[in-house]
Amino acid sequence: MMIPFGNLKRHYETYRHEFDEALQSVLDSGWFVLGKAGEKFENEFAAYCGAKHAVGVGSGTEAIHLSLMALNIGVGDEVLTVANTCVPTVSAISVTGATPVLVDVDTESFTMVADDLARKISRNTKAIIPVHMYGQAADLDPIFDIANLHGIPVVEDAAQAHGTKYKGRKIGSISTMTCFSFYPSKNLGCFGDGGCITTSDDTIAERLRMLRNYGQRERYYHSIKGFNSRLDEIQAALLSAKLKHLDHWNERRRSIARYYRENITSTLVQHPREMEYGDHIFHLYVVRVLAREAFQKRLQQLGVGTMIHYPVPIHLQASYKDLEYKKGDFPVSEQLADSVLSLPMFPELTDDEVAKICSSVNSVV
Ligand SMILES: *Cc1c(COP(=O)(O)O)cnc(C)c1O
C-alpha cells in the first residue's frame, strides 16, 4: 500500500458535509464574485492574522504582483527576494517590469539572510520580499533593520505560512503587506486558485481593492489602472469553512513533525530545525539527505511518496537566465536544491502511516 505525498481527496472526504454546505450556500445565493461570502472570509482571515484588512485576490502570485503594483513598482526598479523559493515569488516581480535581485538563505532556517540582503541593496531597491519557507518564518527583525535604514518596504511571501508565528506575532500582522496563497495543497487551501493580502493600512487596502477590480472604486468609474484578480465567492465560502479548522490542522502537522524528529534516527537524514524565534507550521517537512535521487527512489519502492521543494534554485532556472547569475552565486540555495527531500505531511495522515514512514526512512541504507 502506497502512502501518498499528499491526498486532497481524503481531506475532502473527511469534511465533505461542511464543504458541500458552503458550496451549496453560494450556488443558492446566485452571486459569484465580490459578495457577502468574500467579505465574510476577508474579515475572518484578517482577524485570524491580527490585521485590519484582508483583500482576496486570484492567487498567491497575484497577491505579490498587486502588492508591488500598490507600491508603484515597475521598470527600472529592483526587488529583493531569495534564490531558494518557488518561481511564483519571482514571476510576480518580473511581471511588473522590475528586476528581481536574489539573496541567499540561511543554512538552518532556509530563509533570507540579512548579511547578503544588506550587500544587495542599491539605489533602485524598491521592496524586499522575505519568504517564510516551508512554514517557518524568516528572521524578520534583522531584515526590518536593513529595510528601515534605507526606507524600503517589506512585502512578505506567506504562501506557506498560514498561522506561522514570529516572536509571538502571527505572520500577516507584521509588515505593511503580507501575501498568502490558497492553492489547494497549502495549509489553508481552496478548491482552485485563490490568494489574499493582509494589511492594516487603510489606504493600501483600498488601493488593492481597486487594483484587483479593474481599477474602479465605484462601478464603471476607474480612477487607476488595474486588472482582474479576485477571490470568487465559492472559494471564499469554502475557505471560511476551512479556516475554523486551521489551528487544529497546523497542530496535527506539528505533532507529525515531532514524531518524525523523534523516530527518524537514520544518520543519513538531517532534520529541519525549528528556530527559537517562531512557531513552524510545517507546510512541508523537508529533510536533507545524501544521494537524494537513490534515497527517493528507495522510498518510492517502500511505498512512501516524497517530493523535492525545489530541485532548481531561481538563478539556475532557464527562464531567469537574463538575470545573469551563475552556478556558485548562491551556495546555500544550491546545496539545498541538491539535498532536500519533502516527506509526506498533511493532517489526515494516520498514526500508522506516520510510523511506517519513519521505519521506511530508517531502513534506507
Ligand atoms: C504557492 C506559492 C506561491 C504561489 O501561490 P499561487 O497561489 O500558486 O500563485 C508563491 N510563493 C510561495 C512560497 C508558494 O509556496
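Further up the page is the structure itself.
Residues numbered from 1 in each chain as written. Predicted model: local features only at pLDDT ≥ 70, side-chain atom pairs only at ≥ 80, totals over all residues. Heavy atoms only, no water.

### Describing the side chain of glutamine 160
Next, step 1: Looking at where glutamine 160 falls in the secondary structure, it is placed in the loop between strand 5 (155-157) and strand 6 (165-166).
Next, step 2: At a separation of 2.6 Å, a polar atom in the side chain of glutamine 160 contacts the main-chain amide nitrogen of tyrosine 134.
Next, step 3: Ignoring anything within four residues of it in the chain, the contact list for glutamine 160 reads His132, Met133, Tyr134, Gly135, Ile281, His283, Leu284 and Tyr310. (Helix = DSSP H or I, 4+ residues; strand = E, 2+ residues; numbered from the N terminus. Polar contact = N/O pair within 3.5 Å; in protein donor to acceptor, adjacent residues only side chain to side chain. Contact = heavy atoms within 4.5 Å.)

### With respect to the sheet that holds strand 14 (residues 285-289)
Next, step 1: Taken in spatial order, the three strands make up an open sheet running 12-14-15, and their pairing is antiparallel. With one partner strand each, in any of the chains shown, strand 12 (269-270) and strand 15 (340-343) form the two edges of the open sheet.
Next, step 2: Relative to strand 14, strand 12 runs antiparallel, the two being bridged by two bridges. By the bridge assignment for strand 14, valine 269 is matched with valine 289.
Next, step 3: Each of strand 12, strand 14 and strand 15 is contacted by helix 10 (residues 292-301), which is oriented at about 20° to strand 15, the strand it contacts most. (Pairing = 2+ DSSP bridges. Axes fitted to C-alpha atoms, helices over the stretch in contact; angles between N-to-C directions.)

### Quick notes on the site of the ligand
Next, step 1: Around the ligand, the structure places 14 residues, and the nearest of them are Gly60, Thr61, Gln160, Ser181 and Lys186.
Next, step 2: The side chain of aspartate 157 places a nitrogen or oxygen atom 2.8 Å from a nitrogen atom of the ligand.
Next, step 3: Between the ligand and lysine 186, the relevant distance is 2.7 Å, taken from an oxygen atom to a side-chain nitrogen or oxygen of the residue.
Next, step 4: Taking 380 Å² as the accessible area of the ligand by itself, protein coverage stands at 91%.
Next, step 5: When residues of the shell around the ligand are traced back to their parent elements, those giving at least two are helix 3 (60-70) and helix 4 (87-94).
Next, step 6: Across the shell around the ligand, the residue classes tally to four nonpolar, eight polar and two charged. (Near = heavy atom within 4 Å. Areas by Shrake-Rupley, 256 points an atom, 1.4 Å probe, with all protein chains shown as cover. Nonpolar A, V, L, I, M, F, W, Y, C, P; charged D, E, K, R; others polar.)

### Side note on the pairing of strand 4 (residues 125-129)
Next, step 1: Of all five residues making up strand 4, four are buried, and the element is well covered by its neighbours.
Next, step 2: Across four bridges, the pairing between strand 2 (residues 78-82) and strand 4 is parallel. For glutamate 78, the partnering residue across the bridge sits in strand 4 and is threonine 125. (Buried < 20%, exposed > 50% of the residue type's maximum accessible area, 1.4 Å probe, protein only.)

### Some words on the state of the cysteines
What makes a disulfide is a covalent bond joining the sulfur atoms belonging to two cysteines.
Next, step 1: As enumerated under the stated definition, the model contains zero disulfides in all.
Next, step 2: This cysteine, cysteine 49, is not joined by any disulfide, and cysteine 196 carries the nearest cysteine sulfur, 6.7 Å off.
Next, step 3: For cysteine 49, a relative accessible area of 2% corresponds to the buried category. (Disulfide = S-S within 2.5 Å.)

### Focus: the side chain of glutamate 156
Next, step 1: For glutamate 156, the position within the fold is in strand 5.
Next, step 2: Despite its burial, glutamate 156 pairs with no opposite charge, the nearest such side chain being arginine 169 at 8.0 Å.
Next, step 3: Polar contacts involving the side chain of glutamate 156 include one to the side chain of histidine 132, which spans 2.7 Å.
Next, step 4: For glutamate 156, the side chain forms a polar contact with the side chain of serine 175, separated by 2.5 Å.
Next, step 5: Discounting chain neighbours no more than four positions away, the residues touching glutamate 156 are Pro130, His132, Leu140, Phe144, Ile171, Ile174, Ser175, Met177, Thr178 and Cys179. (Lys, Arg positive; Asp, Glu negative; His and termini not counted. Salt bridge = Lys/Arg side-chain N within 4 Å of Asp/Glu carboxyl O.)

### Here we look at the packing of helix 2 (residues 36-49) against helix 8 (residues 233-243)
Next, step 1: Between helix 2 and helix 8, the shortest axis-to-axis distance is 8 Å and the interhelical angle comes to 40°. Of the two elements, helix 2 crosses helix 8, and the hand of that crossing is left-handed. Together, Lys36, Ala37, Gly38, Lys40, Phe41, Glu44, Phe45 and Tyr48 of helix 2 and Glu233, Ala236, Ala237, Leu239, Ser240 and Leu243 of helix 8 make up the contact between the two elements. (Left-handed = near helix turned anticlockwise from the far one by under 90°.)

### A look at helix 11 (residues 331-339)
Next, step 1: Within helix 11, the full set of buried residues consists of Val332, Ser333, Glu334, Leu336, Ala337 and Ser339.
Next, step 2: Against strand 14, helix 10 and strand 15 lie the buried residues of helix 11.

### Some remarks on the sheet that holds strand 6
Next, step 1: Reading across the sheet, the three strands line up as 7-6-13 and stay open at both edges, with antiparallel pairing between neighbours. In this open sheet, the two edge strands, each paired with only one partner strand, are strand 7 (169-170) and strand 13 (278-279).
Next, step 2: Here strand 6 pairs with strand 7 via two bridges, running antiparallel. In the strand pairing of strand 7, tyrosine 166 is matched with arginine 169.

That's the geometry; what it means functionally is another story.
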